[in-house]
Amino acid sequence: MSNPVPSSSRAGRFLVTGDGTQREEYAPLDWTLLGSISLIWGASFLFIAVGLRSLAPGVIASARVLLGAGALMLFPAARRAIAPVDRSRVVIIGIVSQAAPALLFALAEERIESALAGMMVSATPILTAMLMTAITRRLPGRVQQVGLLVGFAGVIALTLPSLSDAGGSALGVFYVVVAISGYAFANVLYPPLQQTYGALPVIMWALIAASVLLLPLGILGLPDSSFEWGPVLAILALGVVGTGLARAMHMTLILSLIHISEPTRLLVQSRMPSCA
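Every chain begins its residue count from 1, and numbering advances along the sequence as written. Where totals are concerned, whole chains, interfaces and linings use all residues; where local detail is concerned, this predicted model gives features only for residues with pLDDT of at least 70, and gives and counts side-chain atom pairs only at 80 or more. To get the side-chain values, take all heavy atoms of the structure and skip hydrogens and water.

### Here's the deal with the overall build of the protein chain
Phase 1 of the analysis: Secondary structure follows DSSP: runs of H or I at least 4 residues long count as helices, runs of E at least 2 residues long count as strands, and numbering of each begins at the N terminus. Helix and strand counts for the protein chain come out as ten helices and zero strands.
Phase 2 of the analysis: Across the protein chain, helices and strands are ordered from the amino to the carboxyl terminus as α-α-α-α-α-α-α-α-α-α.
Phase 3 of the analysis: Across the 276 residues of the protein chain, 49% fall into the buried class.
Phase 4 of the analysis: By the convention used here, residues are in contact when the closest approach between their heavy atoms is within 4.5 Å. Expressed as a percentage of contacts within the protein chain between residues at least 6 apart in sequence, the contacts between residues at least 24 apart total 92%.
Phase 5 of the analysis: Note on areas: Shrake-Rupley with a 1.4 Å probe; residue coverage comes only from the protein chains shown. Element-wise, carbon and sulfur atoms account for 70% of the exposed surface of the protein chain, whose accessible area totals about 12,300 Å². With a 1.4 Å probe rolled over the protein chains alone, any residue whose accessible area is under 20% of its type maximum counts as buried; one over 50% counts as exposed, and the rest are partly exposed.

### Brief notes about the nonpolar core
Phase 1 of the analysis: We call a set of buried residues a nonpolar core when its members are Ala, Val, Leu, Ile, Met, Phe, Trp, Tyr or Cys and they connect through side-chain atoms within 4.5 Å of each other. Grouped together as the largest cluster of nonpolar side chains are 30 residues, with contacts concentrated most on Ile48, Ile60, Phe105, Ile112, Val121, Val176 and Ile180.
Phase 2 of the analysis: Only helix H1 (28–51), helix H2 (57–73), helix H3 (84–108), helix H4 (114–121), helix H5 (124–136), helix H6 (142–166), helix H7 (170–197) and helix H9 (229–258) provide two or more residues apiece to this core.
Phase 3 of the analysis: The biggest single contributor to this core is H7, with six residues.
Phase 4 of the analysis: In this view, Ile60 contacts Ile48, Gly51, Leu52, Leu55, Ala106, Ile235 and Leu238; residues no more than four positions away in its chain are not counted.
Phase 5 of the analysis: Judged by nonpolar contacts, the second largest core, of 24 residues, contains Leu72, Ala83, Val90 and Met204.

### Details of the packing of aromatic side chains
For any pair of aromatic rings, geometry is given as the distance between the ring centres together with the angle between the planes.
Phase 1 of the analysis: Note on ring pairs: Phe, Tyr and Trp rings are taken, using the six-membered ring of Trp, and paired if centres are within 6.5 Å. Classes follow the plane angle, with under 30 degrees stacked, over 60 edge-to-face and the rest tilted. Considering all chains together, one arrives at four aromatic pairs under this definition.
Phase 2 of the analysis: Seen in terms of ring centroids, Phe174 and Tyr175 are 6.5 Å apart; in terms of plane orientation they differ by 50°. Their pairing is tilted.
Phase 3 of the analysis: Within the aromatic cluster, the residues linked to one another by ring pairs are Phe45, Phe105 and Tyr183.

### Digging into the confidence of the model for the protein chain
Phase 1 of the analysis: On average, the protein chain scores 80 in pLDDT, and the residues at 70 or more come to 77%.
Phase 2 of the analysis: Here residues 5–12 is modelled with pLDDT under 50, and outside its nearest four sequence neighbours on either side it reaches ten contacts, counting other chains as well. Confidence scores labelled pLDDT are given residue by residue by the predictor and lie between 0 and 100.

### Topic: the side chain of Ser54
Phase 1 of the analysis: Along the chain, the position of Ser54 falls in the loop between H1 and H2.
Phase 2 of the analysis: According to the relative accessible area criterion, Ser54 is buried, its value standing at 5%.
Phase 3 of the analysis: Once residues within four sequence positions are removed from consideration, Ser54 is found in contact with Asp224, Ser225, Ser226, Glu228 and Pro231.

### Remarks on the environment of Asp224
Phase 1 of the analysis: Here Asp224 lies in the loop between helix H8 (199–221) and H9.
Phase 2 of the analysis: Taking the relative accessible area as the measure of exposure, Asp224 reaches 64% and is therefore exposed.
Phase 3 of the analysis: Taking the C-alpha atoms as reference points, Asp224 and Val59, 165 residues apart in sequence, are found 9.2 Å from one another.
Phase 4 of the analysis: In this structure, Asp224 is in contact with Ser54 and Ala56, ignoring residues within four places of it in sequence.

Given below as structure tokens:
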């Protein structure tokens, strides 16, 4: 298949984004995807914790992105070529939203509880909206601003007691903050790429880039790991379902979540399942 030709407005520009294409209320299929992703990514933090029982963080990170890329490669639509002008953006997405978070979450869960990590990641949609506002220089409406403030306050209310109760490590918390910042930045870059290529090719090639980057860490972590069925099966599920299929499902919702035009959509965004 020939490479698509990017629009002239995007050529030569790296930091570009786009508006969502869905203006109407969520359809039943959208809500089904939203609920499915919530369940999958909610379990992903537990899978990481189980994997850490016998596997080094580098092995977990490398395995999950490799498995995720492998799962998506089974779909012919995912193997669509990316035009050279867009490949650097896809690589950056692979680094900030795949490779770095995969490693950082594994490192973080050596220091903090998986539940705390999951609650902190719920701030990703709010950070995404803030970045979109800064980049596009378009303030959301008053209702949306109130919704963002309420969502941010909710994240703080959920996180602070857990930090105290779990004795969370400051370094572990820092790892999570860096990871969700990468997710937010990648969410800003996704829309024009997804509009051109579709969800599957963008996420698959990003996972391939992450796999190349993390493979050396995975190899280096093998001497510190041991084979146990529980952790291995947990990472298998994390990679194929949580990192591959669920991320592809997530990308089908990104465009409609990036452009907030209704109070209802803001409410959905504030409860959007966060990446794991």
